[in-house]
Amino acid sequence: MYPDHREIWRLSEETKELESQALYEWADANRLSLDAAEFTRLWFESGCIEGGENQVFSASGVAYKRNNLAFHTSYLEYFERLILHNWLFPDTYYTFLGFMWVTENEEPRQWRPVVFQKAFRAVRGATRQETEAEMNRLGFTRRYEDNYVNADLNLFVDDLHDQNVLIDATGELLIFDPVIYLADTSE
């Protein structure tokens, strides 16, 4: 018998809490604890750019992203996603920078990972047909809307809409911030 969604959510939050404690100790020992106040100041100064999971600001040709883990059941899942992103989409790879404690909206503080990637300029968002052609080239098929699967790799790539897939001035696709899952894709 599978647990219900409330039980899964509770277990996920417990897992994240245990992981955050261990990651804090590791980050502190390796000087990977970052200043949340400075990030927040720069984020505010840049216009409070954010999506469902990242707060973003750009400086000196680099985009910095602080992730709230909203799409992840664990930190491990988040890091798996980064590795898969860098493997699938090397033109928009992420580099891990560190962690910071963040408190927002009267929620308990959260140990948030921070990454950066090269900032890029785009001329427009990609069409679904352009995205589908690129994903087909990578061995994926569109399942529905902006979601793709690769049954051989057991990968599900979500959220490839025209704000996460852009076209640059040379006509190249730039894919960033997809939600990538290791999943049973046989359905």
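None of the values given here were measured: they were computed from a predicted structure.

(A) The pattern of salt bridges, seen in detail. Within this structure, the stated rule accounts for 10 salt bridges. Asp146 is paired through a salt bridge with Arg128; the nearest N and O atoms lie 3.2 Å apart. With Asp146 in the loop between β7 (141–144) and β8 (147–150) and Arg128 in helix α4 (residues 128–137), the pair connects residues that are 18 residues apart, well separated along the chain. Relative accessible area serves as the criterion here: at 37%, Arg128 is assigned to the partly exposed category. Shared partners join several salt bridges into a network, and the residues in it are Glu38, Arg41 and Glu45.

(B) How the structure looks around the sheet that holds strand β12 (residues 179–182). One open sheet accounts for four strands, arranged β7-β8-β9-β12; its pairing is antiparallel. Unpaired on one side and paired on the other, β7 and β12 mark the two borders of the sheet. Here the strands of the sheet are splayed against their neighbours by 25° on average, with no regard to which way each runs. In this sheet, β12 lies alongside strand β9 (residues 155–158) in antiparallel orientation, the contact comprising four bridges. Counted as the bridge partner of Asp158 is Val179 from β12.

(C) Examining the side chain of Asn54 more closely. Here Asn54 shows up in strand β2 (residues 54–59). Residue class for Asn54 comes out buried when judged on its relative accessible area of 7%. Side chain to side chain, Asn54 and Asn67 meet in a polar contact 3.1 Å long. Ignoring sequence-local partners within four residues, the contact set of Asn54 consists of Ile49, Lys65, Arg66, Asn67 and Asp177.

Cut-offs applied
- Per chain, residue numbering runs from 1 following the sequence as it is written.
- Selection of residues for local features in this predicted model requires a pLDDT of at least 70, selection of side-chain atom pairs for listing and counting requires 80 or more, and totals for whole chains, interfaces and linings are taken over all residues.
- Only hydrogens and water are set aside; all other atoms, that is, all heavy atoms of the structure, feed into the side-chain values.
- Salt-bridge detection follows one rule: a side-chain nitrogen of Lys or Arg within 4 Å of a carboxyl oxygen of Asp or Glu.
- Strands here are runs of E lasting at least two residues and helices are runs of H or I lasting at least four, both read from the DSSP assignment and numbered beginning at the N terminus.
- The classification of residues rests on relative accessible area computed with a 1.4 Å probe and restricted to protein chains. Under 20% of the type maximum is buried, over 50% is exposed, and intermediate values are partly exposed.
- DSSP-based pairing: two strands are paired if at least 2 bridges between them are found.
- Orientation is described by lines fitted to C-alpha atoms, with helices fitted over the stretch in contact, and by angles between N-to-C directions that extend from 0 to 180 degrees.
- Two N or O atoms form a polar contact when they lie within 3.5 Å of each other; inside protein one atom must be a possible hydrogen donor and the other a possible acceptor, and for residues adjacent in sequence the pair counts only when both atoms belong to side chains.
- By definition in these notes, contact holds between two residues if any of their heavy atoms fall within 4.5 Å.

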